[in-house]
Amino acid sequence: PEGTVLATRSSPPVAELVRMTDKVSENLHAELLLREVGRVERNAGTREAGLASLNAFLAQVGGPSADLRADFRIDDGSGLSRNTLVAPQLITRLLEFMYRAAARDSWIAMLPIGGEDGTLARRLGRPMSNGAASRPAEARAIHAKTGTLNRAIALSGYADNKNGGWLAFSIVVNDFAAPQSEVETWVDKIALALLE
C-alpha cells in the first residue's frame, strides 16, 4: 500500500493463455493453469486441487454411468509425467463434449492447424521427390493437439471431413521400436485419411 509503483504488468486473458499453451505446447503454462483452476474452484492453487477439479470435469464428460477409472490416470497438468495415462476413447469423448459446448468455435480455434501453425506447422505434409514435405491445403482441415514423449506420440483433435463434417479423433502410439519420425509420419497419414 505504500511506496512508488515502478511497473505493472497485466496478464493476458485466460483464453489467450490457453490458446498459446495449446498452439505451441507450453508445458509450464499447462502446469500453472491446472493450479489456477484449483485456486478458482477449490481455493487452493495446488496440483492436488487442480487435479480434483479436472477429475470432476472428466466425470461430467464421461457421463454419470461411465467407469472412468480404467480410462485415465492424471498426475500433472502438462502430461509429461510418465504416470499420466489417458485412453484415446476418453480423449475422443472430451472432444465430442467440447464440440457440443457453446464455446465450440473458440475451443477449435485454440488448437494447432495442420501445416499452418503451432506444433502442426511442420506436420501433415506429404513427402515430395526431393525429400521435402509439401503442405497440402487439406492439412488445414485438421485442428489437433500433439503429444510427444520418448516412445510416445499422440495426435488428438478434429478432422473436417469432406462429406461427414467434423470428426473427433485420438491417435495414441506408445512403446514402439520404430524411429519416432516414422511413427509420426504414419500418425499424420491416418489423420489425413480421416478427411476422405
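Located above this text is the structure these notes cover.
Residues numbered from 1 in each chain as written. Predicted model: local features only at pLDDT ≥ 70, side-chain atom pairs only at ≥ 80, totals over all residues. Heavy atoms only, no water.

Helix and strand counts for the chain come out as 6 helices and 7 strands. When the helices and strands of the chain are listed from N to C terminus, the series reads α-α-α-β-β-α-α-β-β-β-β-β-α. Dimensions of the chain, computed from C-alpha atoms along their principal axes, come out at roughly 65 × 50 × 35 Å. Put simply, the chain has 196 residues, and 35% of those count as buried. In the chain, of all internal contacts separated by at least 6 residues, the share reaching a separation of at least 24 is 48%. On the chain, roughly 11,800 Å² of surface is accessible, and the fraction owed to carbon and sulfur atoms is 54%. (Helix = DSSP H or I, 4+ residues; strand = E, 2+ residues; numbered from the N terminus. Buried < 20%, exposed > 50% of the residue type's maximum accessible area, 1.4 Å probe, protein only. Contact = heavy atoms within 4.5 Å. Areas by Shrake-Rupley, 256 points an atom, 1.4 Å probe, with all protein chains shown as cover.)

Moving on to the sheet that holds strand β5 (residues 142-149). Strand order across the open sheet formed by 3 strands is β5-β6-β7, with antiparallel pairing between neighbours. Each edge of the open sheet carries a strand with a single partner, namely β5 and β7 (165-174). Pairs of neighbouring strands in the sheet enclose a mean axial angle of 5°, with direction left out of account. Where β5 meets strand β6 (residues 152-161), 8 bridges bridge the pair, whose relative direction is antiparallel. (Pairing = 2+ DSSP bridges. Axes fitted to C-alpha atoms, helices over the stretch in contact; angles between N-to-C directions.)

Of note, arginine 151 is a non-glycine position whose phi angle comes to about 65°, a positive value. Locating arginine 151 in the fold gives a position in the loop between β5 and β6. Looking at arginine 151, the relative accessible area reads 40%, which means it is partly exposed. A positive phi angle, close to 55°, is found at aspartate 175, a residue other than glycine. Its place among the elements puts aspartate 175 in the loop between β7 and α6 (180-193). Residue aspartate 175 is classed as exposed on the basis of its relative accessible area of 59%.

Taken as a whole, this structure holds 3 aromatic pairs when the rule is applied. Ring centres of tyrosine 99 and tyrosine 158 lie 5.9 Å apart, and the angle between their planes is 45°; on these two criteria the pair is classed as tilted. Taken together, the residues tyrosine 99 in helix α4 (residues 88-100) and tyrosine 158 in strand β6 connect sequence positions 59 residues apart. Residue tyrosine 99 is classed as partly exposed on the basis of its relative accessible area of 24%. Taking the relative accessible area as the measure of exposure, tyrosine 158 reaches 1% and is therefore buried. Through successive ring pairs, a cluster of aromatic residues spans Tyr99, Tyr158 and Trp166. Positioned above the aromatic ring of tyrosine 99 is the side chain of arginine 104, whose terminal nitrogen or guanidinium carbon lies 4.4 Å from the ring centre. Between lysine 189 and the ring centre of tryptophan 186, over which it is positioned, the NZ or CZ distance is 4.4 Å. (Phe/Tyr/Trp six-rings, centres within 6.5 Å; stacked < 30°, edge-to-face > 60°. Lys NZ or Arg CZ within 6 Å of the ring centre and 35° of its normal.)

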